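Take a look at the letters that make up each chain.
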Amino acid sequence: MRGTMLLEAAPVPDERTPLYVPRSWVAMAELGRAFVGRRTELGRIAAAMRHPDLSGAALIGEGGVGKSRLLTEAVRQVCRRHHFVVCAAACQATSSVPFGAFAQHLPPEFTGTAFNGGSLRLAADALIGRAGGRKPVLVIDDVHLLDPASLALAFQMARRHEAFVLAATHSAEAVPDPITGLWTSGMAEWIEVRPFSREEVGEVLEHALGGPAEGMLVQRCWEATGGKAFLLRELVAAMLETGTLAPADGVWRASGPFPVTLRLAGVVDRRLAGLGDDCRRVLELLAFGGPLSPDVPARLVSRPAVEAVEALGIVEVTRLGDREQARLTPSLYGEVLRARTPRLRARRVREELAAALEAGPHAREDLRRVVAWRLENGVRPPAESVVAAMRDAWAHLDHELSAELAAHAVAAGQGTRAAEPLGYGLMFLGRAREAEERLARLPRPAAERDRARLACVRAFNLAFGLDSVRAARALLHSALRDVAGVESRAEPAAVLALLDVATGRCRAGAGLAEKVMAEAPHDSRAHCVAEVARAVALAFLRPPEESFPALERAREPALRHQAELPWLEFFLELGWVHACLLTGDFPRAQARAAAAYDRAVERRFPFAIAWFCLLRALAARARGELREQLHRCREGVAIARELGNRGLLALLLGQLAHGLALSGQTAAAREALAEADEPAQRSLWLLQPWTELARSWVAAAGGSPGASAIAERAAALARESGAAGFESLALHEVARLGEPGHVLDRLGELAGRAGGDAAPQYAAHAAALVTGDGDALAASSAGLERLGSPLLAAEAAAEEANRHRAAGNLAAAAAAAARALRLAGPDGARTPALEALERPRLTRREREIAELAAAGMSSKEISLRFVLSVRTVENHLQRVYRKLGIGDRAELASLLDLFHPGSHPASGGDMNRAA
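Residues numbered from 1 in each chain as written. Predicted model: local features only at pLDDT ≥ 70, side-chain atom pairs only at ≥ 80, totals over all residues. Heavy atoms only, no water.

Observations regarding the overall build of the protein
Phase 1: In terms of helices and strands, the protein carries 46 helices and 11 strands.
Phase 2: Against the compact-globule benchmark of 29 Å for 915 residues, the protein has a radius of gyration of 33 Å, which places it among compact chains.
Phase 3: The principal-axis extent of the C-alpha atoms belonging to the protein is close to 100 × 85 × 60 Å.
Phase 4: Counting the 915 residues in the protein, one finds 56% classified as buried.
Phase 5: Long-range pairs, those at least 24 residues apart, make up 67% of the contacts in the protein with a sequence separation of at least 6.
Phase 6: Roughly 37500 Å² of accessible area belongs to the protein as shown, and the carbon and sulfur atoms make up 51% of that amount.
Phase 7: Charge centroids of the protein, computed over 111 positive and 109 negative side chains, lie 2 Å from each other. (Helix = DSSP H or I, 4+ residues; strand = E, 2+ residues; numbered from the N terminus. Rg over C-alpha atoms; globule rule 2.2 N^0.38 Å. Buried < 20%, exposed > 50% of the residue type's maximum accessible area, 1.4 Å probe, protein only. Contact = heavy atoms within 4.5 Å. Areas by Shrake-Rupley, 256 points an atom, 1.4 Å probe, with all protein chains shown as cover. Lys, Arg positive; Asp, Glu negative; His and termini not counted. Charge placed at Lys NZ, Arg CZ, Asp CG, Glu CD.)

Structure, rendered in structure tokens:
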């Protein structure tokens, strides 16, 4: 596996001397071969080559975006039976040699041939003759470097439709005039090649590293490189070379700032070569201070210098609200410039930037940067400035800076005002114990409100940072005794209500939250926290017509107080995702969890990323997306382990165990579950039924007869907390694990109480399993698919197929089996229903013919391959269609992928055995 290759340097055997291959070289090679995305561009190239009136396609894009790699892939996919590929060698060295770019494809006598009309015709005839009846495809990278003779040759052959020209260059202005004429006359396709998107960067990293990369690493690489392929390749090589990039818990992670190796610095130096002193000075200022108003470097250097680097594409100027911002692009240039700036010069740059921002008009966030620069230079700013900068850093989720500034504020006697940035900041950095120690040492605030808020931040950290729920409750009750004012008491009461809900006491939490909402001012923080707590409780306790409006009403106040209490979003999205999961809107649950995760990644908020990894894993579980579930669990486990957050870690490990059990990795699943049980987590006991359900699937994977009983215990936990939707889901798990009759009556009761579409569908599925009615199972499969769970729908279809087969209805059984495998997809989840499915079996000849037909070969071509009659080939295909439950070739390719040996471990049988 590629990921294994990168863990250690790969030795290459040799009879004389072993050759050592650094792991960064392996990654460079893999990144060079990686091809992700670009499907649209490839499709346009292929369509242009098929179009009778088109003779070319041009790939236009800035340097480093991957045009050359796209050219290579396009050439690889060219049908060599119909096309003859001619790769031109366009470079500066041959730009003055007639026909120099095509010299290796022309007869020797063309060397030194004068460039004229006769030589053009002879050269074209030579290329056509070499093509042997196929149409030449002239592939030209860096078309602007073509010598005039080669340029004329390509243009003339394209104009006469004698060849197809596939060219690439870094800008539209660089395309030579004759070639430009092909596009302006409508004879060629003009294709813009953009940098990689964030998702594509993730795909490239996974391909090169042999395993998934964590979301924050993908985000950082995307921002640092601007999606440029060549910079991404160099950055990954530098991280591997220095050990900055390494796997943890099955996911690739980066630690610390990006390393600046000599090679990486050299790449940036080549890009910045030729810049004057003023331009370099502008880049230096932006490297240390960006993003900045362009007026700042204009005042410190010159406006023409700022305009020059913007024109070169090294600096990007954008508008944010009513302000313009200049920044280096890609931002990796700034990392390299900072790393290579001597210490004393860096200090002087920070001093100049601080003075410039203080002297001119500036925004509130500028104060934060000025204070940070002063402190880095060893200068202590005034206490009021430190406090203001601290609050702004906290509002922008800069936890490192907010915690550092809070420590300075405490030293300056501003401990009361620093409590929340200090406590929450350290907790979110994984330093919850340090946070409690430092908060406990703060002097007792004089004002009631300050004492209440200090108690709230300490209690939150105790509960959700240290998993000490009992201590958190005691602290909140002590705060309620310590303060008398209604508003001062409201906030500890609201946090206590939230803690009740999180620990599974939903009814008590909702009742206390409603009391706080009745007494606290509507726009207060206490009212907001209480409203969020109540909405989350209703997501578990009430049907959607009550829970969704409550969640929607809580959204606006949560956004209003997000700068002070960013954890409100955690609980609000917890409520939203579960309201969707428990009422049967699985796609919406997945979309909400993914959007929240993306926001956390963009803000580089590791604690939030781990939280939303859990929600994404739960949504993937509901939909049966095993690979996604495992990916998010592993990413969340790595972060939670690093942060030392036991409660979150236990839940993520439980979901990881569930995914591993479904994938057939029983030993690893047991290990994950055993680790999940180690911490006695109580802070998120509301979600403990998920872990119990995971326990049931781990037991089932190990052949334990008590698996369904464990799922029933999960249902009992949900019932105790009043979560009818969760109880219904857990009872359906009992049915899936082989005991539908045991839970049928209770599922029927819940179908009318839980709300939404899920509970009725679960009850219908259990009833169909009990009766063994194939038609009822088909209807159940369709209903479960409407919920958005292909896996549940696949299981019902598999059960339907077995019932039809037992009844002797082989055609219906084949159709249902094909539907089951198609819905189950390539992840290969191992559930009792899918394990018991009898896979349609093809003979070896049927499989061979089906594979060729799926690849696009006609029956006549297949008959020639096997020396069979066309009728015999068609008869074989008809038998394949009947066995797979399809009518023609349209679905053949996707189904064969599922039936291929080893591609779908969840299913029994082997299509290679003779029928």
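Back to the text.
Details of the pattern of salt bridges
Phase 1: Applying the stated rule across the entire model yields 68 salt bridges.
Phase 2: In this structure, arginine 194 and glutamate 192 form a salt bridge, with 3.3 Å as the shortest nitrogen-oxygen distance.
Phase 3: With a shortest N-O distance of 2.6 Å, aspartate 500 and arginine 473 are connected by a salt bridge. In this pair, aspartate 500 sits in helix H24 (residues 486–502) while arginine 473 sits in helix H23 (residues 469–482), placing the two residues 27 residues apart along the sequence.
Phase 4: Several salt bridges share partner residues, and in doing so they unite Arg391, Glu420, Arg453, Glu491, Arg525 and Glu564 into one network. (Salt bridge = Lys/Arg side-chain N within 4 Å of Asp/Glu carboxyl O.)

Quick look at the packing of helix H37 (residues 740–751) against helix H38 (residues 758–771)
Phase 1: Across the interface, H37 lies against H38 with an axial gap of 9 Å and an inter-helix angle of 150°. Taken as axis vectors, H37 and H38 run roughly antiparallel relative to one another. By crossing handedness, the relation of H37 to H38 is classed as left-handed. Between H37 and H38, the residues in contact are Pro740, Gly741, Leu744, Leu747, Gly748, Leu750 and Ala751 and Ala759, Pro760, Tyr762, Ala763, Ala766, Ala767, Leu769 and Val770, respectively.
Phase 2: Tallied by class, the residues present in the contact of H37 with H38 amount to 13 nonpolar, 2 polar and no charged. (Axes fitted to C-alpha atoms, helices over the stretch in contact; angles between N-to-C directions. Parallel < 35°, antiparallel > 145°, perpendicular 65-115°, else oblique. Left-handed = near helix turned anticlockwise from the far one by under 90°. Nonpolar A, V, L, I, M, F, W, Y, C, P; charged D, E, K, R; others polar.)

A word on the packing of helix H21 (residues 432–440) against helix H22 (residues 448–465)
Phase 1: At a closest axis distance of 10 Å, the pairing of H21 and H22 adopts a crossing angle of 155°. The pairing of H21 with H22 is recorded here as roughly antiparallel in orientation. Along this stretch, H21 crosses H22, giving a crossing that reads as left-handed. Of the residues in H22, those in contact with Ala432, Ala435, Glu436, Leu439 and Ala440 of H21 are Leu454, Val457, Arg458, Asn461, Leu462 and Gly465.
Phase 2: Of the residues assigned to the contact of H21 with H22, the class counts are 7 nonpolar, 2 polar and 2 charged.

Re the packing of aromatic side chains
Phase 1: Overall, the coordinates contain 20 aromatic pairs when judged by the stated rule.
Phase 2: Here phenylalanine 428 and phenylalanine 570 contribute two aromatic rings whose centre-to-centre distance is 6.0 Å and whose plane-to-plane angle is 70°, an arrangement assigned as edge-to-face. Of the two residues, phenylalanine 428 is situated in helix H20 (residues 415–428) and phenylalanine 570 in helix H28 (residues 568–583); the sequence distance between them amounts to 142 residues. Residue phenylalanine 428 shares its accessibility class with phenylalanine 570, and that shared class is buried.
Phase 3: One residue, arginine 632, lies across the ring of tyrosine 597, its end atom 4.9 Å from the ring centre. (Phe/Tyr/Trp six-rings, centres within 6.5 Å; stacked < 30°, edge-to-face > 60°. Lys NZ or Arg CZ within 6 Å of the ring centre and 35° of its normal.)

Brief notes about the state of the cysteines
One way to say it: the disulfide is the covalent bond shared by the sulfur atoms of two cysteines.
Phase 1: Summed over all chains, the structure comprises 0 disulfides.
Phase 2: Of all cysteine sulfurs in the structure, the one in cysteine 528 sits closest to cysteine 456, which takes part in no disulfide; the separation is 13 Å. (Disulfide = S-S within 2.5 Å.)

Let's talk about unusual backbone geometry
Phase 1: A cis amide bond, omega -5°, links glycine 290 with the succeeding residue proline 291.
Phase 2: By the secondary structure assignment, proline 291 is in the loop between helix H12 (277–289) and helix H13 (295–300).
Phase 3: Look at the link from threonine 329 to proline 330: it is a cis peptide, with omega at -5°.
Phase 4: Even without being a glycine, aspartate 142 presents a positive backbone phi close to 55°.
Phase 5: As for its placement among the helices and strands, aspartate 142 is situated in the loop between strand E5 (135–141) and helix H6 (148–159).
Phase 6: On the accessibility criterion, aspartate 142 (31% relative accessible area) is partly exposed.
Phase 7: Positive phi is not limited to glycine here, since leucine 397 has a value of about 60°.

Digging into the nonpolar core
Phase 1: Core analysis: the biggest nonpolar cluster contains 181 residues, and Phe540, Trp567, Phe570, Phe571 and Trp611 have the highest contact counts within it.
Phase 2: The residues contacting phenylalanine 571, other than those within four sequence positions of it, are Phe460, Phe464, Leu498, Ala502, Val532, Val536 and Trp611.
Phase 3: Of all hydrophobic cores here, the second largest spans 58 residues; its members include Ala238, Ala254, Val296 and Val349. (Core = buried A, V, L, I, M, F, W, Y, C linked by side-chain atoms within 4.5 Å.)

Here we look at the environment of leucine 729
Phase 1: Mapped onto the elements, leucine 729 comes out in helix H36 (residues 724–736).
Phase 2: Under the relative-accessibility criterion, leucine 729 is labelled buried at 5%.
Phase 3: When the C-alpha positions of leucine 729 and alanine 707 are compared, they lie 15 Å apart, and in sequence the two are 22 residues distant.
Phase 4: Once residues lying within four places of it in the same chain are set aside, the contact partners of leucine 729 are Leu582, Arg621, Trp690, Leu693 and Tyr762.

Regarding the environment of glycine 664
Phase 1: The topology assignment puts glycine 664 in the loop between helix H32 (646–662) and helix H33 (666–677).
Phase 2: Residue glycine 664 is classed as partly exposed on the basis of its relative accessible area, which comes to 34%.
Phase 3: In this structure, the C-alpha to C-alpha distance between glycine 664 and serine 721, residues 57 residues apart in sequence, is 32 Å.

What about the confidence of the model for the protein?
Phase 1: The share of residues in the protein with pLDDT of 70 or more is 92%, and the mean pLDDT across the chain is 87.
Phase 2: Highest mean pLDDT in the protein belongs to helix H30 (residues 606–623) (97); lowest belongs to helix H1 (residues 2–7) (37).
Phase 3: Counting interchain partners and residues more than four positions distant, the pLDDT-below-50 stretch residues 901–915 has 48 contacts. (pLDDT = per-residue confidence, 0-100.)

Remarks on the sheet that holds strand E7 (residues 188–192)
Phase 1: Strand order in this open sheet of 5 strands is E4-E5-E6-E3-E7, and the pairing throughout is parallel. Unpaired on one side and paired on the other, strand E4 (83–87) and E7 mark the two borders of the sheet. Across the sheet, the axes of successive neighbouring strands diverge by a mean angle of 15°, strand direction being ignored.
Phase 2: Two strands pair when backbone bridges link them, and strand E3 (residues 56–60) and E7 are joined in this way by 5 bridges, in the parallel orientation. Looking at the pairing, isoleucine 60 lines up with glutamate 192 of E7.
Phase 3: Set on the sheet, helix H7 (residues 177–184) makes contact with E3 and E7; between it and E7 the angle comes to about 100°. (Pairing = 2+ DSSP bridges.)

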